Amino acid sequence: MKKLLFVSLCLMGLVGCKDKPVVNAEYVSPAPVFCEDSAYQYVAEQCGFGPRVMNSEAHEECGEWIAEKFKSFGLVVYDQYADGKLYDGTPVKMRNIVASYNPEAPARILIAGHWDSRQWADNDPDEANHKTPIDGANDGASSIGVMLEIARQLQLAPDSNRVKMGVDLICWDAEDNGESGSGNSSSWCLGSQHWSGFRHVQGYRARYGINLDMVGGHNTVFYREQYSMMYAPSVVDKVWGSARRLGYGKYFSYDDEGGAITDDHLEVNRGGIPCIDVIGSDKDNGGFPKTWHTMNDNIKNISKETLKAVGQTMLDVIWTEE
Ligand code: AHN
Ligand code: ZN
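As the structure is a prediction and not an experimental result, all values here were calculated from the model.

Draft legend 1. Seen up close, the site of ligand 1. The environment of ligand 1 is formed by Asp139, Glu175, Asp176, Trp188, Asp213, Met214, Thr262, Phe288, Trp292 and His293. Here glutamate 175 contributes a side-chain N or O atom positioned 3.4 Å from a nitrogen atom of ligand 1.

So, in structure tokens, the structure goes:
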């Protein structure tokens with residue numbers, strides 16, 4: 001019975017994270033406490049469906065779960081269904097899921113990440129796995145886990161500390177089945193390419209966007225990605241500044257500008273909304289995380305500390321927006 005209670009509390013995302021202090025005691029953020037235990041739980045639940053590869057049952061079921069979860073937090077969900085084609089010609093059924101908090105508010109912030117997972121572990125050390133789908137715990141599920149916890153906190157806030165802005169949490173589909181190492185950059189990010197041409201709401205605008213990618217790995221650092229610096233340097237400053245005053249400077253590094261990475265933020269920029277990419281790099285070699293596109297990108301390699309650093313930073317950005 002006790003176990004059952006624990007499991008159901010977990011499912012509701014209520015275990016842990018009560019009154020945990022943020023890292024830096026000198027800065028008191030107006031934001032609520034981001035619960036990394038529930039973000040982690042949301043990552044695990046997505047992985048529980050199996051790899052969310054295009055046209056699969058796991059993909060369809062997980063998409064439904066994500067949409068329902070956002071609705072359960074009181075957000076308005078817009079579905080954007082579209083047909084796409086992978087670079088090898090395979091037709092795919094795409095679903096971008098947009099969850100909106102305060103849908104009527106004119107001033108909006110956009111936070112996004114992809115929810116599909118790659119169907120080939122083509123960076124795995126064992127070549128026998130190169131055609132096997134990955135769980136995408138970090139590469140896919142981590143961003144959505146953080147976004148779900150953001151939604152839960154937006155909803156939970158008392159009237160005295162409610163966010164008045166609008167916040168749109170966009171889950172991109174079909175980001176991660178691009179052609180690796182080929183320079184074929186349009187083979188990635190099919191969902192966001194579609195959105196950038198056809199918004200979920202006509203005439204949609206946001207002040208700025210923050211795309212999250214691989215925000216849950218161990219040994220992770222976030223560098224200032226080059227397209228983000230080109231298109232939206234003030235948004236980079238804002239996010240890195242929030243992280244630093246919260247005490248997460250070791251995650252959000254100013255050391256070295258990261259490379260220029262083709263990712264969903266580019267499509268948002270092309271659609272006229274300045275958008276950055278918060279994308280995890282390996283702390284030791286600065287490249288993509290070691291589990292990237294391997295069979296090891298699973299729940300065992302998810303770090304609650306990294307989820308917390310990113311999630312708390314996002315809440316601070318949202319709650320300090322004027
Ligand atoms: C390229 O490899 C060109 N872009 C990587 C974008 C990505 C894949 N993010 C996660 N998985
Ligand atoms: Zn990927």
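Draft legend 2. Main features of the sheet that holds strand β1 (residues 76-85). In space, the 8 strands of this open sheet follow the order β1-β2-β4-β3-β5-β8-β6-β7, with mixed pairing throughout. Edge strands, defined here as strands with exactly one partner in the open sheet, are β1 and β7 (252-257). Ignoring which end each strand starts from, the neighbouring axes of this sheet average 30 degrees apart. As defined by bridge partners, strand β5 (residues 208-213) adjoins strand β8 (residues 275-282) across 5 bridges and the pair is classed as parallel. Bridge assignment links glycine 209 to a residue of β8, and that residue is cysteine 275.

Draft legend 3. Examining the packing of helix α4 (residues 137-156) against helix α9 (residues 304-319) more closely. At a closest axis distance of 10 Å, the pairing of α4 and α9 adopts a crossing angle of 45 degrees. The orientation of α4 relative to α9 falls into the category oblique. By crossing handedness, the relation of α4 to α9 is classed as right-handed. For the pair α4 and α9, contact is made by Ser142, Val146, Ile150, Gln153 and Leu154 and by Leu307, Gly311, Met314, Leu315, Ile318 and Trp319, respectively. Looking at side-chain class alone, the contact of α4 with α9 contains 8 nonpolar, 3 polar and no charged residues.

Draft legend 4. A look at the coordination of the zinc ion (ligand 2). Protein coordination at the zinc ion (ligand 2) comes from Asp139 (OD), Asp176 (OD), Asp176 (OD) and His293 (NE2), with a distance range of 1.9 to 2.3 Å. Of note, the donors binding the zinc ion (ligand 2) are all from one chain and are spaced D-x36-D-x116-H. One end of the pair, aspartate 176, is in the loop between β4 (166-172) and α5 (190-197); the other, histidine 293, is in the loop between β8 and α9, and 117 residues separate them in sequence. For aspartate 176, a relative accessible area of 2% corresponds to the buried category. A relative accessible area of 0% places histidine 293 in the buried class.

Draft legend 5. Expanded view of the nonpolar core. Within the largest apolar cluster, 62 residues are counted, with the highest numbers of intra-cluster contacts made by Phe70, Ile150, Leu169, Ile210, Leu212, Val239 and Val278. It is α4 that contributes the most residues to this core, 9 residues altogether. Each residue touching isoleucine 150, except ones within four places of it in the same chain, is listed here: Phe34, Ile111, Leu169, Met314, Leu315 and Ile318. Judged by nonpolar contacts, the second largest core, of 11 residues, contains Ile170, Trp172, Val268 and Ile273.

Draft legend 6. Highlighting the side chain of asparagine 269. Its place among the elements puts asparagine 269 in helix α8 (residues 264-270). Asparagine 269 sits in the buried class, given a relative accessible area of 9%. In contact with asparagine 269, other than residues within four places in its own chain, are Tyr231, Pro274 and Cys275.

Draft legend 7. Spotlight on the packing of helix α7 (residues 233-246) against α9. The N-to-C vectors of α7 and α9 enclose an angle of 115 degrees; their axes lie 9 Å apart at closest approach. By the angle between their axes, α7 is roughly perpendicular relative to α9. Along this stretch, α7 crosses α9, giving a crossing that reads as right-handed. Together, Lys238, Val239, Ser242, Ala243, Arg245 and Leu246 of α7 and Gln312, Thr313, Met314, Asp316 and Val317 of α9 make up the contact between the two elements. Classifying every residue of the contact of α7 with α9 by side-chain character gives 5 nonpolar, 3 polar and 3 charged.

The rules behind each value
- Residues numbered from 1 in each chain as written.
- Chains lettered and ligands numbered in written order.
- Predicted model: local features only at pLDDT ≥ 70, side-chain atom pairs only at ≥ 80, totals over all residues.
- Heavy atoms only, no water.
- Near = heavy atom within 4 Å.
- Polar contact = N/O pair within 3.5 Å; in protein donor to acceptor, adjacent residues only side chain to side chain.
- Pairing = 2+ DSSP bridges.
- Helix = DSSP H or I, 4+ residues; strand = E, 2+ residues; numbered from the N terminus.
- Axes fitted to C-alpha atoms, helices over the stretch in contact; angles between N-to-C directions.
- Parallel < 35°, antiparallel > 145°, perpendicular 65-115°, else oblique.
- Left-handed = near helix turned anticlockwise from the far one by under 90°.
- Contact = heavy atoms within 4.5 Å.
- Nonpolar A, V, L, I, M, F, W, Y, C, P; charged D, E, K, R; others polar.
- Donors = N, O, S within 2.8 Å, 3.2 Å for Na, K, Ca; no water.
- Buried < 20%, exposed > 50% of the residue type's maximum accessible area, 1.4 Å probe, protein only.
- Core = buried A, V, L, I, M, F, W, Y, C linked by side-chain atoms within 4.5 Å.

Just distances and angles here, no functional claims.
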